[in-house]
Amino acid sequence: MAEEAQVVNINGTEYNEADLTEQHKYFIAQIKDLQSKSKSLKFQLDQVQVSLNAFTNSLISELEKSSEKQED
C-alpha cells in the first residue's frame, strides 16, 4: 500500500511536504501546535465565562433575597 504524500494548502497554493525545507516543516508544526492551544484556551475561556456568569447570578440573587428580608 503506497503512502500518500502530505499536502499543505497555504493561501490557495498546495505544497507537497516532501518538497518543504526543515524550517518550513518547523513553522507548520508550530502553527499546528498554536492552533491546538488556541482551541484549548477558547474551550477553557468558555468554561470560565459560564462559571463567572453563574457565580455573578448567584450573588445577585442572594443580595436581592437579603434586601427583601431587610425590607420586611
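None of the values given here were measured: they were computed from a predicted structure.

A. Spotlight on unusual backbone geometry. With a phi close to 55 degrees, N11 is a non-glycine residue in the positive phi region. Looking at the secondary structure, you find N11 in the loop between strand 1 (7-10) and strand 2 (13-16). Residue class for N11 comes out exposed when judged on its relative accessible area of 79%.

B. View of a negative patch on the surface. On the surface, E64, E68, E71 and D72 cluster together to form a negatively charged patch. Checked against the element boundaries, E64 lands in helix 1 (residues 22-71). Residue classification places E64 among the partly exposed positions, given a relative accessible area of 48%.

C. Structural context of the packing of aromatic side chains. Across all of its chains, the model carries one aromatic pair by this definition. Where Y26 meets F27, the ring centres are 6.3 Å apart and the plane angle is 55 degrees; that geometry is what we call tilted.

D. How the structure looks around the pattern of salt bridges. All chains considered together, the criterion is met by four salt bridges. In this structure, K37 and D33 form a salt bridge, with 3.2 Å as the shortest nitrogen-oxygen distance. Of this pair, K37 and D33 both sit in helix 1, four residues apart, which is roughly one turn of the helix. Residue classification places K37 among the partly exposed positions, given a relative accessible area of 46%. Residue D33 is classed as partly exposed on the basis of its relative accessible area of 34%. For the salt bridge of D46 with K42, the shortest nitrogen-to-oxygen distance reads 2.8 Å. Residue D46 and its partner K42 are both found in helix 1; the two are separated by four residues, about one turn of the helix. Exposure remark for D46: the relative accessible area of 36% places this residue in the partly exposed category. Take K42: its relative accessible area is 49%, and that puts it in the partly exposed class.

E. Structural view of the pairing of strand 1. Note: strand 1 against strand 2, four bridges, orientation antiparallel. Across the sheet, residue V7 finds its bridge partner in strand 2, namely N16. Here strand 1 folds back onto strand 2 in antiparallel fashion, the turn holding two residues, of which N11 has a positive phi close to 55 degrees.

The rules we used
- Residues numbered from 1 in each chain as written.
- Predicted model: local features only at pLDDT ≥ 70, side-chain atom pairs only at ≥ 80, totals over all residues.
- Heavy atoms only, no water.
- Helix = DSSP H or I, 4+ residues; strand = E, 2+ residues; numbered from the N terminus.
- Buried < 20%, exposed > 50% of the residue type's maximum accessible area, 1.4 Å probe, protein only.
- Patch = residues over 30% accessible without salt bridge, like charges linked within 9 Å, V, L, I, M, F, W, Y side chains within 5 Å.
- Areas by Shrake-Rupley, 256 points an atom, 1.4 Å probe, with all protein chains shown as cover.
- Salt bridge = Lys/Arg side-chain N within 4 Å of Asp/Glu carboxyl O.
- Lys, Arg positive; Asp, Glu negative; His and termini not counted.
- Charge placed at Lys NZ, Arg CZ, Asp CG, Glu CD.
- Phe/Tyr/Trp six-rings, centres within 6.5 Å; stacked < 30°, edge-to-face > 60°.
- Pairing = 2+ DSSP bridges.

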